[in-house]
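# Topology and contacts: notes
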Amino acid sequence: MLTQLLRHTGKQKLQSAEFRQGLMCAVYMGISNGSYMVPLKYVDKSIKGPEYLISFGLGAAVSGCAILAVYYPVLQMLGKPPPKLKACARPGILTGLLWSAGNFCGILAIQQLGLTLGWPLVQCQFLVSGAWGIFYFKEVTGTYERGMFFASGGLVLASIWILSSYGVLRVS
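On a predicted model such as this, the values are computed, not experimentally measured, just so you know. Here the residue numbers are simple positions, counted from 1 along each chain's written sequence. Per-residue local features of the predicted model are confined to residues with pLDDT of at least 70, and side-chain atom pairs are confined, for both listing and counting, to 80 or more; whole-chain, interface and lining totals are unaffected and use all residues. No hydrogens and no water enter the side-chain calculation; it runs on all heavy atoms of the structure.

## What to know about the overall build of the protein
A run of H or I in DSSP counts as a helix once it spans at least four residues, and a run of E counts as a strand once it spans at least two, with each numbered from the N terminus. Helices and strands together make up the secondary structure of the protein, namely 8 helices and 0 strands. Mapped from its N terminus to its C terminus, the protein presents α and β elements in the order α-α-α-α-α-α-α-α. For the exposure calls, accessible area comes from a 1.4 Å probe over protein chains only, and a residue counts as buried if that area is under 20% of its type's maximum, exposed if over 50%, partly exposed in between. Put simply, the protein has 172 residues, and 15% of those count as buried. Long-range pairs, those at least 24 residues apart, make up 61% of the contacts in the protein with a sequence separation of at least 6. A 1.4 Å probe and the Shrake-Rupley method give the accessible areas. Residues count as covered only by the protein chains that appear here. Put simply, the protein shows about 12,900 Å² of open surface, and 70% of that area lies on carbon and sulfur atoms. Two residues qualify as a contact provided that any one of their heavy atoms is within 4.5 Å of a heavy atom in the partner residue.

The structure is reproduced here in structure tokens:
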């Protein structure tokens, strides 16, 4: 399947610096986002998920500022234009609000269902974002590519169904 994907992506695109950078960022995001709820398992059992969200939000704000503090000088050093913070403010804040609301629900889901079942269900978000990309933004137009996306989505849903059969369900 990976060979097919690489063949359809095109050799020139695969060799581009942008593609390699995007791939490295996607791998890092998969590792970090796949792990960021693990510390919730080490929180005192008397503390509920929504309380965890406050410290989580503070951590996100601090790390976001730290990343921007490094990113901005790197752009200057490379001679690239600075980020348009004013233009990004409204959509960025809306995105943060949507993400935080979803994250709140994700924490509650994981608290009730456990990491084995709750986290994979929360990750079905890729089906929603993929649907936006395919149907609204027209980012994927090829029949083969769309088929691969939906086949992958079906595999994820089947895997979640299997996990639900064997995972740990916590009922309060």
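## What to know about the packing of helix H7 (residues 125-136) against helix H8 (residues 143-166)
Fitted lines through C-alpha atoms serve as axes, helices being fitted only where they are in contact, and the angles separating the N-to-C directions of these axes extend from 0 to 180 degrees. Orientation of H7 relative to H8, taken along the N-to-C sense of each, is 165 degrees, at an axis distance of 11 Å. If you check the angle between H7 and H8, you find them roughly antiparallel. In terms of crossing hand, the pair formed by H7 and H8 is left-handed. Between H7 and H8, the residues in contact are Phe126, Leu127, Gly130, Ala131, Ile134 and Phe135 and Arg146, Phe149, Phe150, Ser152, Gly153, Val156 and Leu157, respectively. Note on residue classes: Ala, Val, Leu, Ile, Met, Phe, Trp, Tyr, Cys and Pro are nonpolar, Asp, Glu, Lys and Arg are charged, and everything else, Gly too, is polar. Residues belonging to the contact of H7 with H8 are distributed by class as follows: 9 nonpolar, 3 polar and 1 charged. Reported orientations rely on four angle classes, namely roughly parallel under 35 degrees, roughly antiparallel over 145, roughly perpendicular from 65 to 115, and oblique for the rest. What makes a crossing left-handed is the near helix being turned counterclockwise from the far one by less than a right angle; a clockwise turn instead makes it right-handed.

## Some remarks on a nonpolar patch on the surface
Any residue with relative accessible area above 30% and no salt bridge may belong to a patch, with like charges joined within 9 Å and the nonpolar Val, Leu, Ile, Met, Phe, Trp and Tyr side chains within 5 Å. The term salt bridge refers to a side-chain nitrogen of Lys or Arg lying within 4 Å of a carboxyl oxygen of Asp or Glu. On the surface, Ile67, Leu68, Tyr71, Tyr72 and Leu85 cluster together to form a nonpolar patch covering roughly 490 Å² of accessible area. If you tally residues by element for the nonpolar patch, the top one is helix H4 (residues 49-77), at 4 residues. When you line up the elements, Tyr72 lands in helix H4. Using a relative accessible area of 33% as the deciding quantity, one classes Tyr72 as partly exposed.

## Structural notes on the packing of aromatic side chains
Given two aromatic rings, one states the distance between the centres and the angle between the planes to describe the pair. Whether two aromatic rings pair depends on their centres lying within 6.5 Å, for rings of Phe, Tyr and Trp, where Trp uses its six-membered ring; planes under 30 degrees apart make the pair stacked, over 60 edge-to-face, and the rest tilted. In the structure shown here, the tally under the stated rule is 7 aromatic pairs. Between Trp132 and Phe137, the aromatic rings sit 6.3 Å apart at their centres with planes inclined by 35 degrees, giving tilted as the arrangement. Note on Trp132: relative accessible area 48%, which makes it partly exposed. Each member of the aromatic cluster is reached from another via a ring pair, and the members are Phe126, Phe135, Phe149 and Phe150.

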